[in-house]
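Geometric and topological summary
Chain residues, written in single-letter form:
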Amino acid sequence: HSLKNARKALDNEPLLRFREAKKVLGDVYGELKDNVAELEAVYGEIKDEKIVASEQRQEVEAIRDSIKTIMDTFQRDNMKVVFFGRTSNGKSTTINAMLHEKVLPQGMGHTTCCFLQVQGCDEEKGYLQLDDNEDKKLEMEMLSKIGDALSNENEDLPAMGQDSLLKIFHPKQTETGENRLLQNDVVILDSPGVDLSPEFDGWIDKHCLDADVFVLVSNAESTLTQAEKNFFLRVSKKLSKPNVFILNNRWDASAADMDNIESVKKQHLTRFRQFLVDELEVCNEREVNDRIFFVSAREVLEARLKARGIITRNYQADGHGTRALEFQNFERHFEQCISKSAIHTKFEAHNRRAHEMIGKMRTNLNTVLTSAAEQRTNLQNTLNENTRLFNECRVNFSTFEKAYREQTERLRAEVHLKVSADFFE
Ligand code: GDP
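Before going into details, it helps to say that this report is about the structure given with it.

Rules behind the numbers
Residues numbered from 1 in each chain as written. Predicted model: local features only at pLDDT ≥ 70, side-chain atom pairs only at ≥ 80, totals over all residues. Heavy atoms only, no water. Patch = residues over 30% accessible without salt bridge, like charges linked within 9 Å, V, L, I, M, F, W, Y side chains within 5 Å. Areas by Shrake-Rupley, 256 points an atom, 1.4 Å probe, with all protein chains shown as cover. Salt bridge = Lys/Arg side-chain N within 4 Å of Asp/Glu carboxyl O. Buried < 20%, exposed > 50% of the residue type's maximum accessible area, 1.4 Å probe, protein only. Helix = DSSP H or I, 4+ residues; strand = E, 2+ residues; numbered from the N terminus. Pairing = 2+ DSSP bridges. Core = buried A, V, L, I, M, F, W, Y, C linked by side-chain atoms within 4.5 Å. Contact = heavy atoms within 4.5 Å. Axes fitted to C-alpha atoms, helices over the stretch in contact; angles between N-to-C directions. Near = heavy atom within 4 Å. Polar contact = N/O pair within 3.5 Å; in protein donor to acceptor, adjacent residues only side chain to side chain. Nonpolar A, V, L, I, M, F, W, Y, C, P; charged D, E, K, R; others polar.

Below, the discussion takes up a nonpolar patch on the surface. A grouping of Phe-397, Phe-400 and Tyr-404 is seen on the molecular surface, where their side chains present a nonpolar patch of about 390 Å² in accessible area. Looking at Phe-400, the relative accessible area reads 53%, which means it is exposed.

And the structure:
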């Protein structure tokens, strides 16, 4: 019953599944590590190369090293989502809304010129790190300068190429509350606008091959541009069946402007469905319903900031309740999707490797046991031979002893006879 409840809880909290999977895998590898250490110790005590050959010793050492490497890697594994779209469609606002905090700089005049990666840290104060300089921490205040497209003229700062990466380490726990996504190993990547004539292939190779989910933030007031489409066409060529969500952002503005809002929504839906199902072929007619959402990131962000007491007044347009529910609906599907994909792609390989290693260890141990059995048979044969020789000697000896005794008796009798004869003569 409690297992059922635990499962239910995990179904409601898909992000926890990833951590749970990490924990289970950690236990499996921990046990494997202990077993290998034990085997190594046993092999260490057996000096006879005929029983434990160097090939078997080396294999155990290699398995021990791979276990260590894998344990180090999967502790760092995470769930990664990449956001794309044209400049000012609301990517940063959407990310901030999902984080319930203004982590990324947003707004008119601010254009992200490089990739910004948000991830959680345990420190109380957040910091920045340039991808090619892992040892140097930069003050969070530099963010608006480095990330800004116009700041490349600033001589104090490194010139950031469009495909370079700036990591933002944000505290998992802040004064205003905990950060659920960051706490559960979700890493969020914001990209430069696709309208900045980018090198898509370079972007994808450098930043997207390990992404679990892509979110296209589109502007509900216009249709998808060819640049936006091209990017995803390249992604679906390089990754097999990527998980793509489309957020029709700024739906508040459209809804306020248009009388025929439902028919506009229908048109958008038809076009996006066609794009995901027919052009990208990343989902089927049934799945696509949980991939397209009409939202207002600004409304959601402001409502969440207000709930945390960070702002006092929040922006809301007509119909905000429906859009807020739609945003939550997106988050629910997003969390289920990212957790499933990350567990599948990141942990299944480790799980397979663990099975392979167990198989190798079994063969290794069998080889050693076979050699030991052979040695035992050899020893037994030698022992048998020695016993046979010993017994033969004993038989020979007793025959000799008997003959000797008879002879002695005979001689003694003869001497006796001779002595008595002499005496009576
Ligand atoms: P980015 O360049 O895609 O990261 O876009 P930003 O997140 O910086 O957003 C650009 C501007 O659009 C900001 O001033 C936001 O406040 C505004 N914005 C973002 N989302 C919405 C929305 O859903 N509705 C409205 N009305 N404005 C929005």
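That shown, we press on.
Glancing now at the pairing of strand 9 (residues 244-249). Burial of strand 9 is extensive: six of the six residues sit out of reach of the surface. The two faces of strand 9 match: Val-244, Ile-246 and Asn-248 on one face and Phe-245, Leu-247 and Asn-249 on the other face are all buried. Examined bridge by bridge, strand 8 (residues 213-219) and strand 9 share six bridges and lie parallel to one another. Considered in strand 9, the bridge of Asn-219 is made with Asn-249. Of the strand pairs in this sheet, strand 9 and strand 10 (residues 292-294) are connected by three bridges, and their pairing is parallel. Bridging from a neighbouring strand, Leu-247 pairs with Phe-293 of strand 10.

Counted by the stated rule, this structure contains 27 salt bridges. Here Glu-123 and Lys-137 are joined by a salt bridge, their closest N and O atoms 3.7 Å apart. Placement of the pair is Glu-123 in the loop between strand 2 (115-121) and strand 3 (127-130) and Lys-137 in the loop between strand 3 and helix 5 (143-146), with a sequence separation of 14 residues. Note that Arg-298 is salt-bridged to Glu-302, the shortest N-O span being 3.1 Å. Here Glu-302 and Arg-298 lie together in helix 11 (residues 297-307), a separation of four residues that amounts to about one turn.

With that settled, consider the nonpolar core. Of all hydrophobic cores here, the largest spans 62 residues; its most connected members are Tyr-29, Val-81, Ile-168, Ile-188 and Val-215. Residue contributions to this core peak at eleven residues, all from helix 12 (residues 320-424). Excluding anything up to four places from it in sequence, Ile-168 contacts Val-103, Leu-104, Leu-116, Gln-117, Val-118, Gln-119, Tyr-127, Leu-128, Met-140 and Leu-143. Counting residues in hydrophobic clusters, the runner-up holds 35 residues, among them Phe-200, Phe-232, Val-277 and Val-282.

It is worth spelling out the side chain of Thr-93 at this point. Tracing the chain through its elements places Thr-93 in helix 4 (residues 91-99). Sequence-distant contacts of Thr-93, defined by excluding residues within four places in its chain, comprise Gln-106, Ala-297, Arg-298 and Leu-301.

Further remarks concern the pairing of strand 2. Counting buried residues in strand 2 gives six out of seven residues, a clear majority hidden from the surface. Pairing of strand 2 with strand 4 (residues 165-171), which is carried by seven bridges, proceeds in the parallel orientation. Looking at the pairing, Leu-116 lines up with Leu-166 of strand 4. With three bridges connecting them, strand 2 and strand 7 (residues 186-190) associate as antiparallel partners. Pairing of Gln-117 across the sheet is with Leu-189, part of strand 7.

Looking now at the sheet that holds strand 9. An order of 3-4-2-7-1-8-9-10 is seen for the eight strands of this open sheet, with the pairing classed as mixed. Both outer strands of the open sheet, strand 3 and strand 10, are each paired with one neighbouring strand and no more. Ignoring strand direction, the axes of neighbouring strands in this sheet form an average angle of 20 degrees. Contacts from helix 7 (residues 200-208) reach strand 1 (79-84), strand 2, strand 4, strand 7 and strand 8, with the element oriented near 155 degrees to strand 1.

Attention now goes to the site of the ligand. As a matter of local geometry, the ligand sits amid 18 residues, with Ser-88, Lys-91, Ser-92, Thr-93 and Arg-250 nearest to it. Ser-88 is positioned with one of its backbone polar atoms (N or O) 2.7 Å from an oxygen atom of the ligand. Asn-249 places a side-chain nitrogen or oxygen 3.1 Å from a nitrogen atom of the ligand. Its free accessible area being 570 Å², the ligand has 90% of it covered by the protein chains. Those elements giving two or more residues to the shell around the ligand turn out to be helix 4 and helix 11. Top element by residues in the shell around the ligand is helix 4. It accounts for three residues. Broken down by class, the residue content of the shell around the ligand amounts to three nonpolar, ten polar and five charged.

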